[in-house]
Amino acid sequence: MTSSSPLLSVRDLEISFRTGGREIPVVRDLSFDLSAGETLGIVGESGCGKSITALSLIGLVPSPPGRVSKGQILLNGEDIVTAGEDRLTRIRGNEISMVFQEPMTSLNPVYTVGEQIAETARAHFGSSRAEAWDRAIEMLKLVGIPSPEQRAHNYPHQLSGGMRQRVMIAIALVCEPKVLIADEPTTALDVTVQAQIFDLFRELQRKIKAAIILITHDIGVVAQMCDRVMVMYAGRKIEEGPVRSFIRDPRHPYTRGLISCIPKLSRDPSDTPEPLFEIPGVVPSPADLAELKGCAFAPRCNRAINECQLHSPALTPLGSDRAVACLRQEEIPA
Amino acid sequence: MSVTDTTPPVAATAGKPLPKPVSPSRQVWQMFRQNHSAMIGLFILFAIIVISIIGPSLYTVSPRDMVWMPLTPPGQSEYLLGTDYLGRDLLAGLINGGRVTITIGFSAAVLTILIGVTIGALAGFFGGRIDNVLMRVTEFFQVLPNLLFAMVVVMLFSPSLINIAIAIGIVSWTSTARLTRAEFLKIREMDYVKAERSIGAGNARLIWKVILPNAAPPLIVVAALSIGSAILFEAGLSFLGLSDPNAMSWGRMIGDNRPYILDSSWGVTFPGIAIFLTVLAISLVGDGLNDAINPKLRQR
C-alpha cells in the first residue's frame, strides 16, 4: 500500500441486501486505498461483490433492496456514503466516472454519440454548445476513433462494439475525473479490440493522470494493466498486493487456484499439455455465508484444516505492501 | 488474452467510406412516405387545415347570417351545400367550423399528453409510493364515465372553447399516463440510464432528456390519435348542446340541425362527413406513424 495520502479510501465497507425480511451482507469488512495515477485491479469470481463495490463508490447501490450498511468511502476525505443525492450527482462524472460492461446497450440510442459526449461536457462545465461539440470531437480523437468529425454524427447503432466502448470511455473521461472505474470493460469485446481498449486506458492514464479501478475476472488483463491487485472472495478481500507478487507468489489458496486456472502455452509442441486446473465447487451464496463461521473458501480449499471451519481468518499484513486472509498462509510453501 | 499481448490500436474501419448518418426522424419519414394510406391521410389532413386557415378569407359568406330560405337542399341556390334551419349557409359553416373543431381537438390533445405524460413519467420513474398514489388517482379518473364527467365540467364552468378543451383533456389523459408509466418502467432499467446516472445525470435530466425521448415513439402515435378522439368528443358534446354559443364548430352544426334531421338530412350530413374525414385522416396518419416508428424500435 502506498504511504502518500490516498485519493480514495474505503474503510470497513459493508453492503447489505434485504431479502425475505432479512438483511444479508454481500460485501464485508472491505478496506482499500487508491492513490492518484494508480491502477488497482479487483479480481474474483462472479458474485463475489466486485461490481456492487464499484457501484457503491459512486453511490449507486440499487436501493432498496441494497444499502451500504457500514463503513466509509472517503474521496479526498469526503464521505460518499453519507453524501446527499445532489452532491453525489456532482461527484459522478466530475470526480469518479464509470465504464460499464455492456457497450452495446450503455449508450442512449436516440442521440448521436457526439451529442452524448457534448451534453455531458455541457452539464458539467456549463460550456456553450459549440465549445462542447468541439470538446466531443476532441474526446473522440483522444480515444482513437477515426474521422471523429463524421463519427460524432453517428448514432450508437451505427458503431461497432469496440467503437461504442471507446465512446463510453470518452463520455466517462470528458470531465477529467480523478477516478475511473471500469467494470469488466472488455468482456463483451473481441480480444483484439480488448487489447486496443487497454492500450487506450494506459495512454489516457498517462495523459490525464487518473486513478483506475479495473474490475475483471481475467488474470491476464490484471497482469497487463494493474499496479496493485485485490482479490475478493464471497464479499471479502482475501489478498492484496503488487501485481508482480500476486502473479509470481500468490499466498491465498484461492488466488493460487485462480492463477493455476490460466492455460499455459508451451513452446515445444511435443509437450503433452497438463490438464487444466479447476477450483472445485462454487461460490457460496451470501445467505449461506451469513451462517458460516469459518473461512468462506474452506469448503473448496484443498489445504483446509479443522481450524478453518471454526473462525474466519483476519487479513494479516505480509511484508510492507501485501496482505492475505488465510490461517495457513505462513505454512504454504512459496 | 495472453499476458504479453500489446497489439497497437488499429482503426477498425480505416479506409472504408463512412455510412452517411441518417437521423431517426428522417428514417421514420422515409418509412412513412412508403405507406400509401398514411400519405393519403396526411394529404386530406393538410387540405382540411389549409381550407380552415385560408378558406374564410376566400369564401366570405358569414356562417351566422341568414342568407337564404331555411332548409334549402344543396344545389338549389347559389349556396352550394344548402342552408340550415335558420337559413344560414352550410358551406360557410363548414369552412369556418373547421378552425374551431381542429383547434379544440388539438388543444385537448396537447392537454391530454401534458397531463398523461407528466403523471405517467413521475409514477414510472420514481415508483414506490409516488407510483401508488398517482396510479390510484389515474384509476379514479378512469372509472368515471367520460362523457358524463366532461358534461359536468362544461356545465359547471361556462361552455367556452377553452373549458370544452380542458374538459376533454381532463377525461382522456388516463390511458396516456398508463402507457407512459409502462414505457418508463421498462426504460429506466436500461443500461444506458444506469450509465447516464454514473456520469452525473440527475433525476430531471434522466426523466426529460434520457428516458422521455426513448419513450417517445408510442407516445407520438397516441398523441396523433388523441387529436382524432378529441374532435369526436367535441362533436359529441356539441351534439348534446354543450358547445360554445359564440363559435361555429362542426359538432355544433350537427347539434343545431339535429331536430330537423328528418326534413333536411344535409344539415347534419355535411358536418358529419367533415368530422369523419378529419378523424379518418388523423387515424391514417397515426397508424402510418405507428408502422414507421415500430420497425425502427425492432432494429434497435
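Residues numbered from 1 in each chain as written. Chains lettered and ligands numbered in written order. Predicted model: local features only at pLDDT ≥ 70, side-chain atom pairs only at ≥ 80, totals over all residues. Heavy atoms only, no water.

1. Some remarks on the overall build of chain A
Thinking step 1. Looking only at helices and strands, chain A features 12 helices and 12 strands.
Thinking step 2. For a compact globule of 334 residues, the expected C-alpha radius of gyration is about 20 Å, and chain A comes in at 21 Å, within 12% of that figure.
Thinking step 3. With the principal axes as the frame, chain A shows a C-alpha extent of 65 × 60 × 40 Å.
Thinking step 4. Across the 334 residues in chain A, those meeting the buried criterion constitute 55%.
Thinking step 5. Entry remark: accessible area of chain A is about 14,600 Å², with carbon and sulfur atoms responsible for 52%.
Thinking step 6. A gap of 1 Å separates the mean positions of the 36 positive and 40 negative side-chain charges of chain A. (Helix = DSSP H or I, 4+ residues; strand = E, 2+ residues; numbered from the N terminus. Rg over C-alpha atoms; globule rule 2.2 N^0.38 Å. Buried < 20%, exposed > 50% of the residue type's maximum accessible area, 1.4 Å probe, protein only. Areas by Shrake-Rupley, 256 points an atom, 1.4 Å probe, with all protein chains shown as cover. Lys, Arg positive; Asp, Glu negative; His and termini not counted. Charge placed at Lys NZ, Arg CZ, Asp CG, Glu CD.)

2. Here we look at the confidence of the model for chain B
Regions with low pLDDT carry predicted coordinates that are not meant to be interpreted in detail.
All names here are of chain B.
Thinking step 1. Taken over all residues, the pLDDT of chain B has a mean of 82, while the share at 70 or more is 90%.
Thinking step 2. A low-confidence stretch, residues 1-15 stays under pLDDT 50, and its non-local contacts, those more than four residues away or across chains, total 27 contacts.
Thinking step 3. Of the two predicted TM-score estimates for the complex, the pTM is 0.78 and the ipTM is 0.77. (pLDDT = per-residue confidence, 0-100. Contact = heavy atoms within 4.5 Å.)

3. Observations concerning the sheet that holds strand 1 (residues 8-19) of chain A
All names here are of chain A.
Thinking step 1. Ordered in space as 2-1-4-5, the 4 strands form an open sheet in which the pairing is antiparallel. Of all the strands in the sheet, the pair left with one neighbour each is strand 2 (22-34) and strand 5 (78-79).
Thinking step 2. One ladder, built from 9 bridges, connects strand 1 with strand 2; its direction is antiparallel. Across the sheet, residue Phe-17 finds its bridge partner in strand 2, namely Ile-24.
Thinking step 3. Those strands touched by helix 1 (residues 50-57) are strand 1, strand 2 and strand 4 (66-75), and its axis lies near 115 degrees from that of strand 1. (Pairing = 2+ DSSP bridges. Axes fitted to C-alpha atoms, helices over the stretch in contact; angles between N-to-C directions.)

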